[in-house]
Structure formats: C-alpha cells, structure tokens
Amino acid sequence: MCLVLVMVALLAVPVLAAKDPGKGNPDKPAKNAPAGTPAPSSVKPPGAPANPQLKALKNGLVELHRLRVQTNNIFKQIASLKLKIKTAWESLRAQLKRLAPAERAAILQALRAKLAGLKSQATQVVSELKALREQRRTKWAEFKAAVQAKNVEAARTALASVISLQSQILGKAKALESIVVQIWDAVKDVKPAKAS
C-alpha cells in the first residue's frame with residue numbers, strides 16, 4: 001500500500017514542481033523570463049487545488065484500504081469460528097463415544113445431512129472468492145503498470161475495477177461467514193442424550 005501511495009505521489013510531482021516565485025533562496029538572484037515570453041500555462045497560481053484526477057486516485061486508494069481492512073476482519077472472524085467448530089466437534093465426539101452405536105450413528109447421520117448443504121455452499125463461495133481474487137490481482141497489476149507509466153486515466157480506471165472487485169470479495173466473505181456461523185450453530189446445538 002505504501003508503494004502505491006509513493007507512486008501516486010510521483011505522479012503528483014509535476015503538478016507540485018511549479019514554484020512560487022516569491023519563495024526560494026533569497027541569496028540567489030531571481031531568474032527573469034526573457035521579454036515577450038508568455039508565462040507557462042502549466043504553472044498554477046498559489047493555492048490552486050491539486051490535480052483532481054490525482055485526488056480521485058488518492059480517495060480510491062483510501063476506499064480500497066477500508067474495504068481490505070473490513071475483508072480481513074471478516075476472515076479473522078471466520079478463522080475464530082473454525083477453531084470453535086473444531087473444539088465443538090471434539091467435545092461432541094467425546095459425548096458420542098458414551099452412546100450406543102445405533103444412537104451415535106443416527107445423531108451423526110442427522111448432523112451430516114444438515115451440514116452437507118452448508119459445506120457445498122461454502123465450497124461454492126470459496127471457489128468464487130478465488131476467481132475474484134485472481135481478477136483483482138490482474139487489475140492491481142494493471143494499476144501499478146499505469147502508475148509507473150504515469151497514465152493517470154488508465155490508473156484511475158484500473159483502480160475503480162480493483163475497488164469493485166474488492167467490494168465483491170467483501171460480499172462473498174460476508175456470505176462465507178454466514179455459512180460458517182450456520183455450521184457452528186448446527187454443531188454446537190447437537191445435544192446427545194445421556195447414556196443410560
């Protein structure tokens with residue numbers, strides 16, 4: 001992320017390179033333009049806003065960072081839930097060992113039937129996440145190439161695609177979290193009867 005901000009800053013250097021004639025080293029004599037030469041049109045008056053395209057890039061990078069943080073937080077929650085599911089499974093197995101084989105088989109069969117649909121949904125979402133991440137990786141490479149080529153318009157377009165893909169990834173992460181929560185609920189809600 002820092003690399004991208006540095007690249008955006010490099011794109012801004014030509015905009016910021018125009019100096020205010022009233023500032024600088026007072027010991028050096030001021031350079032006067034030859035008579036009859038018009039002032040360059042690229043020099044902006046003091047206090048003029050920076051290039052709006054560069055500002056849009058900066059805002060886009062801030063938005064992308066926000067989406068990535070949200071996505072990472074969801075994946076951390078999913079990892080935490082997976083640990084809880086593993087612990088619940090171990091506890092359930094210990095409880096099931098005390099039951100008669102027929103009763104144990106019935107409980108496991110009911111649980112597996114409940115989890116089968118959820119697992120297939122999770123597999124589908126994970127597959128979609130992988131595809132979106134690959135697309136995002138490609139668009140991010142396009143963005144970096146455009147920044148290095150100092151092509152602001154191409155960088156802006158590529159960054160918009162990256163943000164859109166990251167937003168879709170966030171949506172898929174939320175869907176996956178919902179599925180994992182349902183799996184967690186299904187496993188923890190199994191209460192085998194006490195062995196007689």
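None of these values were measured; they are calculated from a predicted model. (Residues numbered from 1 in each chain as written. Predicted model: local features only at pLDDT ≥ 70, side-chain atom pairs only at ≥ 80, totals over all residues. Heavy atoms only, no water.)

A. Main features of the overall build of the protein. Summing up its helical and strand segments, the protein has four helices and zero strands in all. Helices and strands in the protein line up, N terminus first, as α-α-α-α. Within the span of the protein, comprising 196 residues, buried residues form 29% of the whole. Long-range contacts, defined as pairs at least 24 residues apart, comprise 86% of the intrachain contacts of the protein with a sequence gap of at least 6. (Helix = DSSP H or I, 4+ residues; strand = E, 2+ residues; numbered from the N terminus. Buried < 20%, exposed > 50% of the residue type's maximum accessible area, 1.4 Å probe, protein only. Contact = heavy atoms within 4.5 Å.)

B. Region of interest: the pattern of salt bridges. Scanning the entire structure with this criterion turns up six salt bridges. Note that lysine 188 and aspartate 185 form a salt bridge whose closest N and O atoms lie 3.9 Å from each other. Here lysine 188 pairs with aspartate 185, and both are found in helix α4 (residues 152-188), just three residues apart, close to one helical turn. Relative accessible area serves as the criterion here: at 29%, aspartate 185 is assigned to the partly exposed category. (Salt bridge = Lys/Arg side-chain N within 4 Å of Asp/Glu carboxyl O.)

C. Region of the structure containing helix α3 (residues 101-148). With 48 residues, α3 should cover 70 Å at 1.5 Å per step; its first-to-last C-alpha distance of 66 Å lies within 8% of that length. The largest bend in α3 is about 30°, located at leucine 115. (Expected span 1.5 Å × (residues − 1). Bend = angle between axes of the 7 residues up to and from the residue.)

D. Highlighting the nonpolar core. By size, the foremost hydrophobic cluster in this structure holds 45 residues, and its most contacted members are Trp89, Leu115, Phe143 and Leu159. Those elements that place two or more of their residues in this core are α2 (52-96), α3 and α4. (Core = buried A, V, L, I, M, F, W, Y, C linked by side-chain atoms within 4.5 Å.)

E. Representation of the side chain of glutamate 177 within the structure. Residue placement: glutamate 177 occurs in helix α4. Summary of buried charges: glutamate 177 has no salt-bridge partner, and the nearest side chain of opposite charge, lysine 174, is 7.8 Å away. Excluding anything up to four places from it in sequence, glutamate 177 contacts Ile74, Gln77, Ile78 and Leu81. (Lys, Arg positive; Asp, Glu negative; His and termini not counted.)

F. Representation of the environment of glutamate 103. Along the chain, glutamate 103 turns up in helix α3. Given a relative accessible area of 33%, glutamate 103 falls into the partly exposed group. Considering only alpha carbons, one finds glutamate 103 and proline 192, 89 residues apart in sequence, at a separation of 8.7 Å.

G. Inspection of the packing of aromatic side chains at higher detail. In this structure the tally under the stated criterion is one aromatic pair. In this arrangement the basic side chain of arginine 68 is found over the ring face of tryptophan 140, its NZ or CZ atom lying 5.0 Å from the centre. (Phe/Tyr/Trp six-rings, centres within 6.5 Å; stacked < 30°, edge-to-face > 60°. Lys NZ or Arg CZ within 6 Å of the ring centre and 35° of its normal.)

H. Layout of the packing of α2 against α4. Put simply, α2 and α4 touch, their axes get as near as 9 Å, and they point 20° apart. Between α2 and α4, the crossing angle belongs to the class labelled roughly parallel. For the pair α2 and α4, the sense of crossing is left-handed. The class makeup of the residues in the contact of α2 with α4 is 27 nonpolar, seven polar and seven charged. (Axes fitted to C-alpha atoms, helices over the stretch in contact; angles between N-to-C directions. Parallel < 35°, antiparallel > 145°, perpendicular 65-115°, else oblique. Left-handed = near helix turned anticlockwise from the far one by under 90°. Nonpolar A, V, L, I, M, F, W, Y, C, P; charged D, E, K, R; others polar.)

I. Just a positive patch on the surface, in detail. On the surface, a cluster of positive charge is made up of Arg93, Lys97, Arg112 and Lys119. Mapped onto the elements, arginine 112 comes out in helix α3. For arginine 112, a relative accessible area of 55% translates into the label exposed. (Patch = residues over 30% accessible without salt bridge, like charges linked within 9 Å, V, L, I, M, F, W, Y side chains within 5 Å. Areas by Shrake-Rupley, 256 points an atom, 1.4 Å probe, with all protein chains shown as cover. Charge placed at Lys NZ, Arg CZ, Asp CG, Glu CD.)

J. Seen up close, the packing of α3 against α4. Close contact between α3 and α4 brings their axes to 8 Å; oriented N to C, the two are set at 165°. In this view, α3 runs roughly antiparallel relative to α4, as classed from their interaxial angle. Crossing of α3 against α4: the hand is left-handed. For the contact of α3 with α4, the per-class residue count stands at 25 nonpolar, six polar and seven charged.

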